[in-house]
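# Architecture and fold: a report
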Amino acid sequence: MSLVSKRSGSRRRAVGTVSRIRSGTVLALCAWAVTWPLVAQVLPVPDSKAEESAAALPVTVDSRTDRRLEESLHKRLGPIEGLEELTVEVRAGWVYLGGTARSAEARDEAESIARRTEGVVEVENAIELSTQVGERLAPALQALRTRLLSWLRALPLVGVALALVVAFGLVSRWLGAREAWFRRGIRNPFLADLVRQLSATGLFVLGVLLALQLLEATALVGALLGAAGLLGVAVGFAFRDLAENYITSLLLSIRQPFAPNDHVVIDGEEGKVIRLTSRATILMTLDGNHLRLPNAKVFKASILNYTRNPLRRFAIGVGVGVGEDLVEAQRLGVRVLAATDGVLRDPEPWSEVAELGDSNVALRFYGWVDQREANFIRVRSSAVRRVKDALDEAEIDMPEPTYRVRVERASRRSATGDEPGHPPAQEAPAPVEQIEEADAVDRQIAAERARSPADDLLDRDAPKE
C-alpha cells in the first residue's frame, strides 16, 4: 500500500507541474500580446537596408571589440561637417554606415576614414545625400562667404600690388619716351628703338612679377607663360611673314646693302632708294612711282647697285657697212667720246668690233662716267648723239639690212643738195649739254626724305656690304 500511495502522489505532483508550466506559458503569451504595441511605439522601426545589411553581416565574434570599434568610428566620423543622424554598426569588423549627408564629399570622406581605421574588414556606405535645398546650398554659401572674407582681408595687399604695377608702368612709359638717350649710344636707329622698347617692356614686366610675388600668386606666372607659349606658336604661324620682315629689317639696318638715293635693281625691280622701314624697302622708279618691296624679299634677292661704285661704264652699239674702214670708224668714235663732257679720260674710252653681221659690222664704244659729278643717263645720251653725228659727217655708212641702197644713199645725196630741186640742208644748232647729277627723281626723293626722316633706318655712315 505504501508503494502504491507513493506512486499516486508522484503522479499528482507531475500533473501539477505540467499544469503550472502550461499556465505560465499562457500568462507569458498574454503579457506579450498586451505589452507589444507599447514596445513597438517606443522602439524605432529598423530600416530595410539596415536589416538586409545586418542579415548579411557575419555573426559577431567578439562583441567587446566591435563596441570599441564603433566608439572609435563615432569619434572619428562625428566631426565631419555635413553628416547628420550618423549610425555605425560593427559586426566582426564589418562596418555599416547609415544616416544623411549634405554633400557627396562628406559621404566619401566618412567612408574613407572608416576604411583606414584599424580593425575594419569591409565598409558598406549607406549614407544618403540630403535632398533638401537649404542643406544642399549651405556648404556652397559657406564656401562663398569664406572666399569673400578672405578677399576682403586681402584688399589692402591688393591695393599695394596695384600701386606697384602702376608705378612701374609710369616709369616704363617715361623710359620709353627717352629716344635720344638710346640713340646717343646706338647709331642704328632701328636697333636703338628696339632696345628702348625692350627696356621699357622689361621694366613693366618686373613690376608685374613683384606684385604677383607680393600676392603669393607666382604660380600664375607659370600658367601665363604656358599660355603665352601656345599663343606664340599660333601667332608665329599666322604672322610668319610679318615676323620675317621684322627680323630682316634689323639685319638690313645693321649691314646696309644700299644707301639713300642709290640706284638699284632688286629682283628685277629698278629704282632709287627712298628709305628702309621696319617692314619694307621703299623705292622710287625712274618714272617717279613708289615701289614697296618686303624686306624679307629684299634680304634674299640679288641686288644690283649702280651707285655703290661711283664710276659707271656705258656702251654704244653702232653698225657700219662691211666696206667701211673699221679702224678709222673706231678711232673717230673714241675721239668723240673723249671730247664729250662727263666722259672720263681715266679710264679712257675704247672700242671693239663686237660682231660681223650679214649686211654690217657691229662696233661697240665704251666710256666711263663719274656719277658724283655727272648724270649717267644724260652723259650717255649726249655720247650716243655725238658719235652718230661724227660718223655721219665722215660719211661712214651705217646701213640697215633691208634699205641700205635705196633709202640711205638716196637720202644722203638729197641732204647734200646733189639731187635737183632740193636746197642744201641747214645745219641744226647744237643742243645745250646738261650733264648735272641732280634730276627730277632725285629732287622728289630728297623732298620725301625730308618730310618723314624718323621712319628711315638707313644711315650713310653705317657699315655697308
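Here is a short report on the structure shown in this document. Everything quoted here is computed from the prediction, not taken from an experiment.

Attention now moves to the nonpolar core. Generally speaking, nonpolar side chains in soluble globular proteins are found buried as a group. Counting 21 residues, the largest nonpolar core has Phe314, Ile316, Val318, Leu337, Phe365, Val387 and Leu391 as the members making the most contacts within it. Of all the elements in the fold, those that place two or more residues in this core are strand 10 (311–320), helix 11 (326–338), strand 12 (361–370) and helix 12 (376–393). When residues in this core are grouped by element, the largest group, six residues, is from helix 12. Core analysis: the second largest hydrophobic core is formed by 18 residues, Leu69, Leu77, Ile80 and Leu83 among them.

So, on to the sheet that holds strand 5 (residues 263–266). An order of 8-7-6-5-9 is seen for the five strands of this open sheet, with the pairing classed as antiparallel. Where the open sheet ends on each side, the last strands, each with one partner, are strand 8 (290–294) and strand 9 (303–305). Going across the sheet, the axis of each strand differs from the next one's by a mean of 40°, ignoring polarity. For strand 5 and strand 6 (residues 269–276), the ladder comprises four bridges, and the chain directions are antiparallel. Looking at the pairing, Val265 lines up with Glu270 of strand 6.

Moving on to the sheet that holds strand 11 (residues 350–356). As summarised here, the arrangement of the three strands in space is 10-12-11, forming an open sheet in which the pairing is antiparallel. The sheet is open, and its two edges are formed by strand 10 and strand 11, each paired on a single side. Within the sheet, the average angular offset between the axes of one strand and its neighbour, ignoring direction, is 25°. In the sheet, strand 11 pairs with strand 12 via six bridges, with the strands oriented antiparallel. Bridged to Trp350 within strand 12 is Tyr366. Together, strand 10, strand 11 and strand 12 form the strand contacts of helix 11, whose direction differs from that of strand 12 by roughly 20°. Sitting on the sheet, helix 12 is in contact with strand 10 and strand 12, with an inclination near 25° to strand 10.

The end-to-end C-alpha distance of helix 11, which contains 13 residues, comes to 18 Å, matching closely the 18 Å that a straight helix rising 1.5 Å per residue would cover. Among the residues of helix 11, those classed as buried are Ala329, Gln330, Leu332, Gly333, Val336 and Leu337. End-on, the buried residues of helix 11 take up no more than an arc of 165°, which puts them together on one face. Packed against the buried residues of helix 11 are strand 10, strand 11, strand 12 and helix 12. Where helix 11 starts, the residue carrying a side-chain oxygen 3.2 Å from the main-chain nitrogen of Val327 turns out to be Asp325.

Cut-offs used in this document
Residues numbered from 1 in each chain as written. Predicted model: local features only at pLDDT ≥ 70, side-chain atom pairs only at ≥ 80, totals over all residues. Heavy atoms only, no water. Core = buried A, V, L, I, M, F, W, Y, C linked by side-chain atoms within 4.5 Å. Buried < 20%, exposed > 50% of the residue type's maximum accessible area, 1.4 Å probe, protein only. Helix = DSSP H or I, 4+ residues; strand = E, 2+ residues; numbered from the N terminus. Pairing = 2+ DSSP bridges. Axes fitted to C-alpha atoms, helices over the stretch in contact; angles between N-to-C directions. Contact = heavy atoms within 4.5 Å. Expected span 1.5 Å × (residues − 1). Arc of directions from axis to C-beta. Polar contact = N/O pair within 3.5 Å; in protein donor to acceptor, adjacent residues only side chain to side chain.

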